[in-house]
Amino acid sequence: MAGLKGRDILSLVELSPREIDLILKRSSLLARRRTVPQKLKGKAVALIFQKPSTRTRVSFETAVAQLGGHPVYLSWNEMQLGRGETISDTAKVLDRYVKAIMARVYSHDDLVVLAETADAPVINGLSDKHHPCQILADLLTLIQYKKRLKGLKLAYVGDGNNVCNSLLIGCAKTGVNIAVARPPGYGPDPEAVKYAEEAAARSGASISIVEDPKEAVRGADAVYTDTFVSMGMEKEKETRLSAFIPKYQVTRTLLSHAKPGAIFLHCLPAHRGEEVTADVIDDAQSAVWDEAENRLHTARGLLSLIM
Ligand code: CP
Ligand code: NVA
C-alpha cells in the first residue's frame, strides 16, 4: 500500500481493497470520537461545485472545519471558470492557496485535467461517471447494519448512473455481491462494469446485470436505488420516467423479495413517487438517514488520511 497521503481520489478504481478498508475503519473510529484530531489545522480546502448539492457540500464543509481546516465553498459559475478561465489555469492558482480540492463537475474529464494540473490532492464530489465519496458512506452503512461486507448481497434497481458505476466497483472490491436491474439502454458504464468484474474475480464477489428487478432483489441484504433523472439529464426527464416507472420503482412489494431484515439505501436526494415510494423511505427498514450521516464520517476519514 503506497499510502493515501496526497492521493487524488477520482473514483474507487484508484483505491485498493485494503485502502477502502482503512478509510472505513478510520471513519468509524472518528465517528465514535467527540473531538477529532486537528489534521487540517491552518489548511484551506477548496470545494468547487458546478452542480447543486446538500450532503456533499455540508458534509465536506463540516468535516474540513471539524478537522481544524478552512473550507472555501466555490460555485463554478461564480468563479472565473464560469466565464471561460481554463481548468488548468484555475488549478495552478488554487495550488497557491489551498492544500486540497474537492470538486463536483458535469464531465469526469474536467476532474482528470484538474487532478493532472493541481499538486494538491483532488477528490471527486460527483461527476457524470463516478461518486466515490457516496459509496464509502454506503459501505460504512452496510457495515453498521450488517456487521460485515464480504458475502452480502446488494441489489441496485434503476438507472446505471454514476452512483451505480461506483457501487459496482466498491462492492466488487470489498466482496459484496451486487445485482443491478436496469431497463435495456440504461445500463452502467461498460468500462466500470469491466473494471468491477476484474475486481470481483479477485475478491470472490459476484456481479450480475439483469432486466428483472425481482430477480436482482431476491435474497438481497440491501436494496439501493437512485434518481432516474440525474443532474444534467433534465431534458430527458419524460422519456426516462416512462422507461423506469412503474417496473423499476422500489416499492414495499419489490422489497418483500429481499431477505427479511434487508435495508433500503438511497444516496439522496430522493424523488418520492419516482424511483421509490414514500412508505419505503419512511419505513423502519430504511437506512437512508444513517447513510446520509455517514457522508460526514467518511469525509472526515478520507480527508484525515489523504492530508
Ligand atoms: N448524495 C449526494 O451526493 O447528495 P448531494 O447531491 O446533496 O450532495
Ligand atoms: N445520480 C445522481 C446522484 C445525486 C447525488 C446525480 O448525478 O444527479
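Please read these numbers as outputs of a predicted model, since none were measured by experiment.

**Things to note about the nonpolar core**
Piece 1. Formed by 60 residues in total, the largest nonpolar core has its most connected members in Leu142, Leu154 and Leu167.
Piece 2. A total of 7 residues in this core trace back to one element, the largest contributor, which is helix 6 (residues 162-174).
Piece 3. Once you skip the residues sitting within four places of it in the chain, leucine 142 turns out to touch Lys147, Arg148, Leu149, Leu152, Leu154, Ala222, Ile263 and Leu265.
Piece 4. Core analysis: the second largest hydrophobic core is formed by 26 residues, Phe228, Ala258, Ala262 and Leu268 among them.

**Concerning the pairing of strand 5 (residues 153-157)**
Piece 1. Of all 5 residues in strand 5, 5 are buried; the element is thus mostly enclosed.
Piece 2. Pairing of strand 5 with strand 6 (residues 177-181), which is carried by 5 bridges, proceeds in the parallel orientation. Along strand 6, the bridge assignment pairs lysine 153 with asparagine 177.
Piece 3. With helix 6 bridging strand 5 and the parallel strand 6, this β-α-β connection has right-handed handedness.
Piece 4. Bridging between strand 5 and strand 8 (residues 222-225) involves 3 bridges; their strand directions are parallel. Directly across from leucine 154, in strand 8, lies its bridge partner alanine 222.

The rules behind these values
- Residues numbered from 1 in each chain as written.
- Chains lettered and ligands numbered in written order.
- Predicted model: local features only at pLDDT ≥ 70, side-chain atom pairs only at ≥ 80, totals over all residues.
- Heavy atoms only, no water.
- Core = buried A, V, L, I, M, F, W, Y, C linked by side-chain atoms within 4.5 Å.
- Buried < 20%, exposed > 50% of the residue type's maximum accessible area, 1.4 Å probe, protein only.
- Helix = DSSP H or I, 4+ residues; strand = E, 2+ residues; numbered from the N terminus.
- Contact = heavy atoms within 4.5 Å.
- Pairing = 2+ DSSP bridges.
- Right-handed = clockwise from strand over helix to strand, strands pointing away.

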